[in-house]
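Each chain is listed here by its residues.
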Amino acid sequence: MAEPIRAVKGMNDILPPDSGRWEWFEDKVRALMRRYGYQNVRVPIVEPTPLFVRGLGEVTDIVEKEMYSFVDSMNGDPLTLRPEGTAGVVRAAIEHSMLYEGGKRLYYIGPMFRHEKPQRGRYRQFHQVGVEALGHGGPDVDAEVILMARALWRDLGLADVQLELNSLGQSHERQAHRQALIAYLQAHEGELDADSRRRLHSNPLRILDTKNPALQALVEAAPRLMDFLGEASLAHFDAVRAALDAVGQPYRINPRLVRGMDYYNLTVFEWTTTQLGAQGTICGGGRYDGLFELLGGKPAPAVGWGMGIERVLDLVQQQGLVPPPVPPSVYAVIPDAAALPRAVACVEALRAAGVDVLMHAGGKEGPGSMKAQFKRADASGARYALVFGADELAVGEVAVKPLRDAAAAQVRRPLGAEASWAAELQHP
Ligand code: ATP
Ligand code: MG
């Protein structure tokens, strides 16, 4: 036998029954988006590489070492599997003049690709839900997107999720802070690691985001961006905080929260949990008023977040919130191959009337023994078996046998009039 081919490392198959949990989650997400007035966008998974190099910044983890980039062998175009969703959505908004008539509130669900070291909560193909509120500059919308995530935690039943908040101010404020930060870091250059030394002049703010434990004390004592914010930035931040306070949502101001991407300004936030080990951030986002211009569009303010679905579902499972499987209502038992045409007609009519019917699937030799079929009917979790026996068929009927309720009696129902009795079989 040939050697079986395996999936790419860090890229997972999502199989039943797990996939049921994903659908449950996605249903909750879609209901949430409807309630907040966010519309779905579906942009390509492959984009021109310069979109991310320009959009995320060259000195980011993603662009430096995490992108799946390749050359289109047909025409030589540099392409990249999207590592995140925002750049593509903004590209599409510019390309299709989506903000022509005002702001747009959008969301997406889909796979992202990053060449990272696979571990719990960190995969090479992973999935995000993201929201992008485009063309809205007010702090009310920052609060809105933050509170949408909160509403989703509630809808999922999740507990122990904390909000961290910071403001990155505007670029002139970051410039002033940057000068002070470089001066401080230069004074401590000997203590920096190689990564940080390299970033000292290209992107010193990112040094604050370092995961190196040896640098934590140094970073803790560094000049704080918050102290360089002007009146307008502080007012924006205060308005976001006031909205969170108004709904009683606690948060921790984390001055070291700078996010992985360079395009953020003003509000940045993360939703974190202590229950997932090292990969505790389940949702991160913020305002990115500069990105439209950076990507060649008319300037437009924007705010959004990205949520790691694998991490959220890990937490869902951790907290025992796994939704029960949804069994079919009915399992169709076929005593004899001759009954098949009328059985097919019946179950199709029931399905058209909205009933979940699992039809017994036979093999080349026919449907198999009744005993084996009832065993499968039982295992399926169905509440009824439909039995297409010769006696019933002879008088134009089918037997409906309750499988879960020993006290309930078997009845017969007329073929060809399924709509009149389909409701009896529905899920309670
Ligand atoms: P981290 O610091 O964990 O690497 P990040 O800042 O790179 O996160 P974002 O780019 O903000 O993450 O992506 C938003 C969310 O997507 C994260 O909060 C996380 O939940 C999820 N995420 C990011 N990278 C991965 C990955 N490789 N595998 C699974 N989920 C991920
Ligand atoms: Mg990362």
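Residues numbered from 1 in each chain as written. Chains lettered and ligands numbered in written order. Predicted model: local features only at pLDDT ≥ 70, side-chain atom pairs only at ≥ 80, totals over all residues. Heavy atoms only, no water.

Undergrad: Can you walk me through the overall build of the chain in this structure?
TA: The secondary structure content of the chain amounts to 14 helices and 16 strands. In terms of overall size, the chain is more extended than a compact globule, its C-alpha atoms giving a radius of gyration of 28 Å where 428 residues would be expected to give roughly 22 Å. Dimensions along the principal axes, computed over C-alpha positions, put the chain at roughly 90 × 60 × 45 Å. Within the span of the chain, comprising 428 residues, buried residues form 47% of the whole. Approximately 21000 Å² of the chain is accessible, and the part contributed by carbon and sulfur atoms is 53%. One finds the centroid of the 47 positive side-chain charges in the chain at a distance of 3 Å from the centroid of its 52 negative side-chain charges. (Helix = DSSP H or I, 4+ residues; strand = E, 2+ residues; numbered from the N terminus. Rg over C-alpha atoms; globule rule 2.2 N^0.38 Å. Buried < 20%, exposed > 50% of the residue type's maximum accessible area, 1.4 Å probe, protein only. Areas by Shrake-Rupley, 256 points an atom, 1.4 Å probe, with all protein chains shown as cover. Lys, Arg positive; Asp, Glu negative; His and termini not counted. Charge placed at Lys NZ, Arg CZ, Asp CG, Glu CD.)

Undergrad: Help me understand the environment of Leu-257 in this model?
TA: Tracing the backbone through its elements, the reader meets Leu-257 in the loop between strand S8 (252-253) and strand S9 (265-272). With relative accessibility at 5%, the residue Leu-257 sits in the buried group. Taking the C-alpha atoms as reference points, Leu-257 and Val-268, 11 residues apart in sequence, are found 7.2 Å from one another. In this structure Leu-257 touches Glu-164, Leu-165, Asn-166, Leu-168, Val-268, Phe-269 and Glu-270, once residues within four positions along its chain are discounted. (Contact = heavy atoms within 4.5 Å.)

Undergrad: Sorry, what's going on with the sheet that holds strand S15 (residues 397-402) here?
TA: Adjacent strands of a sheet form backbone hydrogen bonds with each other and so pair up, either parallel or antiparallel. In space, the five strands of this open sheet follow the order S13-S12-S14-S15-S16, with mixed pairing throughout. Edge positions in the open sheet fall to strand S13 (357-359) and strand S16 (411-414), since each of these has one partner strand only. In this sheet, adjacent strand axes meet at a mean angle of 30 degrees when their direction is disregarded. Of the strand pairs in this sheet, S15 and S16 are connected by four bridges, and their pairing is antiparallel. From the neighbouring strand, Val-400 faces S16, where its bridge partner is Val-411. Here helix H12 (residues 340-352) sits on the sheet and contacts strand S12 (330-333), S13 and strand S14 (384-387); the angle it forms with S13, its principal contact strand, is near 160 degrees. Against the sheet, helix H13 (residues 370-380) touches S12, S13, S14 and S15, its axis set at about 170 degrees to S12. (Pairing = 2+ DSSP bridges. Axes fitted to C-alpha atoms, helices over the stretch in contact; angles between N-to-C directions.)

Undergrad: I'm lost on the sheet that holds strand S4 (residues 78-81) in this one. Help?
TA: Strand order in this open sheet of three strands is S2-S4-S3, and the pairing throughout is antiparallel. On the outer flanks of this sheet lie strand S2 (46-48) and strand S3 (68-71), each paired with one strand and no other. This sheet shows a mean twist of 35 degrees between the axes of neighbouring strands, independent of strand direction. By the bridge criterion, three bridges tie S2 to S4 in an arrangement that is antiparallel. Across the sheet, Pro-48 pairs through a bridge with Leu-79, a residue of S4. Docked against the sheet, helix H2 (residues 49-56) engages S2, S3 and S4, running at close to 75 degrees with respect to S2.

Undergrad: What should I look at first to understand the domain arrangement of the chain in this one?
TA: For interface size, the figure often reported is the accessible area lost on association. Domain boundaries in the chain define domain 1 (18-169 + 229-318) and domain 2 (330-425). Inter-centroid distance (C-alpha atoms) of domain 1 to domain 2 is 48 Å. (Domains from an automatic or database assignment.)

Undergrad: Explanation requested: the site of ligand 1 in the structure shown.
TA: Taken together, 16 residues are adjacent to ligand 1, and Arg-114, Glu-116, Arg-122, Arg-259 and Thr-281 come closest. Contacts to ligand 1 include Arg-114, whose side-chain N or O atom sits 2.7 Å from an oxygen atom. Between a nitrogen atom of ligand 1 and a side-chain N or O atom of Glu-116, the distance comes to 2.6 Å. Within the complex, 91% of the 590 Å² of free accessible area of ligand 1 lies under protein. Counting residues per element, the shell around ligand 1 draws most heavily on strand S10 (residues 281-287), at three residues. (Near = heavy atom within 4 Å. Polar contact = N/O pair within 3.5 Å; in protein donor to acceptor, adjacent residues only side chain to side chain.)

Undergrad: Which parts of the structure should I look at to understand the nonpolar core?
TA: Soluble, globular proteins show a tendency: their nonpolar side chains are buried together. If you look at the biggest cluster of nonpolar residues, it comprises 44 residues, and the most contacted ones within it are Val-89, Val-90, Leu-134, Leu-185, Tyr-288 and Phe-292. Put simply, the parts of the chain that give this core at least two residues each are H2, helix H3 (61-66), helix H4 (86-95), strand S5 (104-113), strand S6 (125-134), helix H6 (171-187), helix H8 (216-220) and helix H10 (291-294). Among the elements that make up this core, the one with the highest residue count is H4 (five residues). Among all residues touching Leu-134, those that are not within four sequence positions of it are Val-89, Val-90, Ala-93, Leu-99, Gly-103, Lys-104, Leu-106, Tyr-288, Phe-292, Pro-301 and Ala-302. In terms of nonpolar packing, the next biggest core, distinct from the first, is built from 41 residues, Val-145, Leu-147, Leu-152 and Ile-309 among them. (Core = buried A, V, L, I, M, F, W, Y, C linked by side-chain atoms within 4.5 Å.)

Undergrad: Explain the pattern of salt bridges here, please?
TA: All told, the structure shown has 24 salt bridges when counted by the stated rule. Measuring nitrogen to oxygen at the nearest pair gives 3.6 Å for the salt bridge that ties Asp-155 to Arg-154. The class for Asp-155 is partly exposed, based on a relative accessible area of 24%. Between Glu-397 and Arg-412 there is a salt bridge, and its shortest N-O distance comes to 3.6 Å. (Salt bridge = Lys/Arg side-chain N within 4 Å of Asp/Glu carboxyl O.)

Undergrad: Honestly, the packing of aromatic side chains in this entry has me stumped. Any pointers?
TA: Note on aromatic pairs: each is described by the distance of the centres and the angle between the planes. If you walk through the whole model with that rule in mind, you get two aromatic pairs. Arranged with centres 5.9 Å apart and planes meeting at 75 degrees, the rings of Trp-153 and Trp-271 form a pair that is edge-to-face. Residue Trp-153 is found in helix H5 (residues 139-156), and its partner Trp-271 is found in strand S9; the two are separated by 118 residues along the sequence. You'll find Trp-153 and Trp-271 in the same group, each marked buried. With a centroid separation of 6.4 Å and an interplanar angle of 90 degrees, the aromatic rings of Tyr-264 and Tyr-288 are classed as edge-to-face. Remark: Tyr-288 occurs in the loop between S10 and H10 and Tyr-264 occurs in the loop between S8 and S9; sequence separation between them is 24 residues. (Phe/Tyr/Trp six-rings, centres within 6.5 Å; stacked < 30°, edge-to-face > 60°.)

Undergrad: So what exactly am I meant to see when it comes to the pairing of strand S11 (residues 302-308) here?
TA: On any regular strand, side chains alternate: one points to one face of the sheet, the next to the other face. Of all the seven residues making up S11, seven are buried; the element is thus mostly covered by neighbouring parts of the structure. By the bridge criterion, seven bridges tie S6 to S11 in an arrangement that is antiparallel. Paired with Ala-133 across the bridge in S11 is Val-303. Here five bridges tie S10 to S11, and the two strands are oriented antiparallel to one another. What sits directly across from Gly-286, in S11, is Gly-304.

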